[in-house]
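The residues making up each chain are set out below.
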Amino acid sequence: MDLLALADFNLVARHGGFGKASRAAGRPKATLSRRVAELEASLGLRLFERGARALKLTEEGRALFERTGLLLTELDETAAAIASGGQTPRGRLRISAPLLFSQIAMGKLAASFALKYPEVRLEVTTEDRPVDMIEEAYDLVIRVNPEPDESLVGRVFLHDRLVVVASPALPFPKDGVAAPVVVRGPAGPSNAWEMTTSAGKARIMVRPVLRLSSLVMVRDAVRTGALAARLPVSLVSHDLAAGTMVHWGDVEGSDIALWTLYPTRRLLSARVSAFLDHLKAAFPRGTPDELAAYVKG
């Protein structure tokens, strides 16, 4: 099999078209098309369905892309590591991170990493949805309490937990009285919150008056109005210390773990290892207090 043709096939498959691949690689579109056609002819398979406006992998093309993309990447990284002595992180590093972590910490982390490793081209996208690391060409994914995935290796680098907080202007509700609250996203079916307080377990009635799409927005709403909310303690610890919020209780079973995930079959590149070390240096104990201090600092 022609490895150059295979590499061009992977380039086109990764970018989703000959035109996009041509612009990304700075190579003629006609050359890429010819190479892919030669590969299809040598295999006796159609790898792409070519429409008037879209290019789509066939079932055989998808299988070839999934199996060879990793191998070609490993070959490239191995060659680059040998050429550079194997220790200098360089090249593109694509990371997907969740919204809240990106809003409060990722900018600072990314900037300090870029200053430390100027030969790495760091790209960070923010999204909470599950991503296909291979299909979307991510090197590293950060997720909150991810579902088990046998194809990925992961490690926890931060812990957090949910607490019920409120504006100092809002008294703790009496039995049968619903507290006005702000929630993230659509309100759930429950009209009561359970928590653990200094006096033991407590259950309060709630009445959602605001539904917001970001936890940062939820925090800001509690700061501004006479409202309560369930928020990560790392996000509100400074408000609690300053007295701009009060702590009503801890949400039971709300442990939050932030994981870094990467493919098991892929050689761990120097740049991925460097970013994992960067996270470890920023959060050596992985506690909510460390995240809160990092954000404030």
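Residues numbered from 1 in each chain as written. Predicted model: local features only at pLDDT ≥ 70, side-chain atom pairs only at ≥ 80, totals over all residues. Heavy atoms only, no water.

A. A look at the packing of helix 2 (residues 18-25) against helix 3 (residues 29-43). Relative to each other, helix 2 and helix 3 sit at 120°, their axes nearing to 9 Å. Judged by the inter-axis angle, helix 2 sits oblique to helix 3. The two elements helix 2 and helix 3 meet at a crossing, and its hand is right-handed. Residues F18, G19, A21 and S22 of helix 2 form the contact with helix 3, whose own contacting residues are K29, L32, S33 and V36. When the residues that make up the contact of helix 2 with helix 3 are grouped by side-chain class, the tally is 4 nonpolar, 3 polar and 1 charged. (Axes fitted to C-alpha atoms, helices over the stretch in contact; angles between N-to-C directions. Helix = DSSP H or I, 4+ residues; strand = E, 2+ residues; numbered from the N terminus. Parallel < 35°, antiparallel > 145°, perpendicular 65-115°, else oblique. Left-handed = near helix turned anticlockwise from the far one by under 90°. Contact = heavy atoms within 4.5 Å. Nonpolar A, V, L, I, M, F, W, Y, C, P; charged D, E, K, R; others polar.)

B. Molecular detail of the packing of helix 5 (residues 99-116) against helix 9 (residues 288-296). Viewed as axis vectors pointing N to C, helix 5 and helix 9 meet at an angle of 70°, and their least axial separation amounts to 10 Å. With respect to helix 9, the element helix 5 is oriented roughly perpendicular. Seen from above, helix 5 lies across helix 9 with left-handed handedness. For the pair helix 5 and helix 9, the contacting residues are F101, I104, A105, K108, L109 and S112 in the first and L291, Y294 and V295 in the second.

C. Broad picture of the pattern of salt bridges. Going through the model one piece at a time under the given rule, you end up with 17 salt bridges. In this structure, D239 and R223 form a salt bridge, with 2.8 Å as the shortest nitrogen-oxygen distance. Of this pair, D239 sits in helix 7 (residues 233-242) while R223 sits in helix 6 (residues 215-224), and the two are 16 residues apart along the sequence. D239 gets classed as buried once you look at its relative accessible area, which sits at 5%. The partly exposed category is assigned to R223, whose relative accessible area is 40%. (Salt bridge = Lys/Arg side-chain N within 4 Å of Asp/Glu carboxyl O. Buried < 20%, exposed > 50% of the residue type's maximum accessible area, 1.4 Å probe, protein only.)

D. Structural view of the confidence of the model for the chain. With 92% of its residues at a pLDDT of 70 or more, the chain has an overall mean of 88. For the chain, helix 4 (residues 59-83) is the element with the lowest average pLDDT, namely 76, and strand 7 (residues 162-166) is the one with the highest, namely 97. (pLDDT = per-residue confidence, 0-100.)

E. Inspection of the sheet that holds strand 3 (residues 91-97) at higher detail. On the basis of which strands lie adjacent, the open sheet formed by 5 strands has the order 4-3-5-13-6 and mixed pairing. Since the sheet does not close on itself, it has two edges, and those belong to strand 4 (120-126) and strand 6 (152-160), each with one partner. Adjacent strand axes in the sheet meet at a mean angle of 20°, parallel and antiparallel pairs treated alike. Sheet topology note: the strand 6/strand 13 (residues 256-263) ladder contains 8 bridges and is antiparallel. Counted as the bridge partner of V156 is W259 from strand 13. Strand contacts of helix 8 (residues 270-282): strand 3, strand 4, strand 5 (140-144), strand 6 and strand 13, with the helix running at about 45° to strand 3, the strand carrying the most contacts. (Pairing = 2+ DSSP bridges.)

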